[in-house]
Amino acid sequence: KVTMTDVEGETRTFEDVEDGISLMELAKQRGVAGIMGDCGGGCACATCHVYVEDAWWDKVGGPDDIEFAMLDMVADVMKDNSRLGCQIRMTPELDGLEVTVAPASS
Ligand code: FES
C-alpha cells in the first residue's frame, strides 16, 4: 500500500498497488491532486515531484544525477527529501510508503 497526501492536504491510502508501477502512474490512476506527469515519466518535467517521508528515505534512496538536475528546475520547492514520482517504482520492500505531493514551482 501507499499513502499519499495531495497538494490540497487530503491524505489517502491506496491498497492493492501493482508491483512495478511508478508513484506518478499510481497518482494519475487514482486521481491524486497535484501530480501531472506531463512528460509521461521521462524524468523531463518535474510535475510528479513528491516529498518522501523521512522514515522511508533510506529505503527509497536519493535521486540520480539526471533526476537531481530535473529537481533543480523546481529548486524553489525542492527539499532534502524530494524525489520525482515517476522515478520511484513500487516493490514489495516499499509496501507502506508515505509521500506528500510537492506544490508546483512558481
Ligand atoms: Fe515528468 Fe516525472 S512525469 S519528470
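Structural data are supplied above this passage.
Report on the accompanying structure. (Residues numbered from 1 in each chain as written. Predicted model: local features only at pLDDT ≥ 70, side-chain atom pairs only at ≥ 80, totals over all residues.)

**Observations regarding the overall build of the protein chain**
At step 1: Each helix and strand in the protein chain was counted, giving 3 helices and 5 strands.
At step 2: Order of helices (α) and strands (β) in the protein chain, N terminus to C terminus: β-β-α-β-α-α-β-β.
At step 3: Its C-alpha atoms give the protein chain a radius of gyration of 12 Å, within 12% of the compact-globule value 13 Å for 106 residues.
At step 4: Projected onto its principal axes, the C-alpha coordinates of the protein chain cover approximately 35 × 25 × 25 Å.
At step 5: Burial status across the protein chain gives 25% buried among its 106 residues. (Helix = DSSP H or I, 4+ residues; strand = E, 2+ residues; numbered from the N terminus. Rg over C-alpha atoms; globule rule 2.2 N^0.38 Å. Buried ≥ 20, exposed ≤ 12 C-beta atoms within 10 Å, placed from the backbone.)

**Description of the environment of Gly9**
At step 1: By the secondary structure assignment, Gly9 is in the loop between β1 (2-5) and β2 (11-14).
At step 2: Note: C-alpha distance between Gly9 and Ala33 (24 residues apart in sequence) is 9.3 Å.

**Thoughts on the nonpolar core**
At step 1: Counting 21 residues, the largest nonpolar core has Leu23 and Ala27 as the members making the most contacts within it.
At step 2: At the level of secondary structure, the elements contributing two or more residues to this core comprise β1, α1 (23-29), β3 (49-52), α3 (65-72) and β5 (97-101).
At step 3: Looking at this core, the element that brings in the most residues is α1, giving 4 residues.
At step 4: Contact partners of Leu23, with chain neighbours within four places excluded, come to Val50, Gly85, Ile88 and Val99. (Core = buried A, V, L, I, M, F, W, Y, C linked by C-beta atoms within 7 Å. Contact = placed C-beta atoms within 7 Å.)

**Observations regarding the sheet that holds β2**
At step 1: Judged by pairing direction, the sheet is mixed, and its 5 strands sit side by side in the order β2-β1-β5-β3-β4 without closing on themselves. Here the strands that pair on one side only, and so sit at the sheet edges, are β2 and β4 (82-84). Between one strand and the next, the sheet's axes are offset by a mean angle of 35 degrees, whatever the strand orientation. (Pairing = 2+ DSSP bridges. Axes fitted to C-alpha atoms, helices over the stretch in contact; angles between N-to-C directions.)

**Comments concerning the pairing of β5**
At step 1: Residues Leu97, Val99 and Val101 of β5 are buried on one face, while the alternating residues Glu98 and Thr100, pointing to the opposite face, are not.
At step 2: Looking at chain direction, β1 and β5 are connected through 4 bridges and run parallel. Residue pairing for β5: Thr5 is matched across the bridge by Thr100.
At step 3: Relative to β5, β3 runs antiparallel, the two being bridged by 3 bridges. By the bridge assignment, Val50 is partnered in β5 with Val101.

**Describing unusual backbone geometry**
At step 1: Positioned with a positive phi, Asp16 is a non-glycine residue whose angle comes to about 40 degrees.
At step 2: Of note, Asp16 is situated in the loop between β2 and α1.
At step 3: Assessed through the 5 C-beta atoms surrounding it within 10 Å, Asp16 is described here as exposed.

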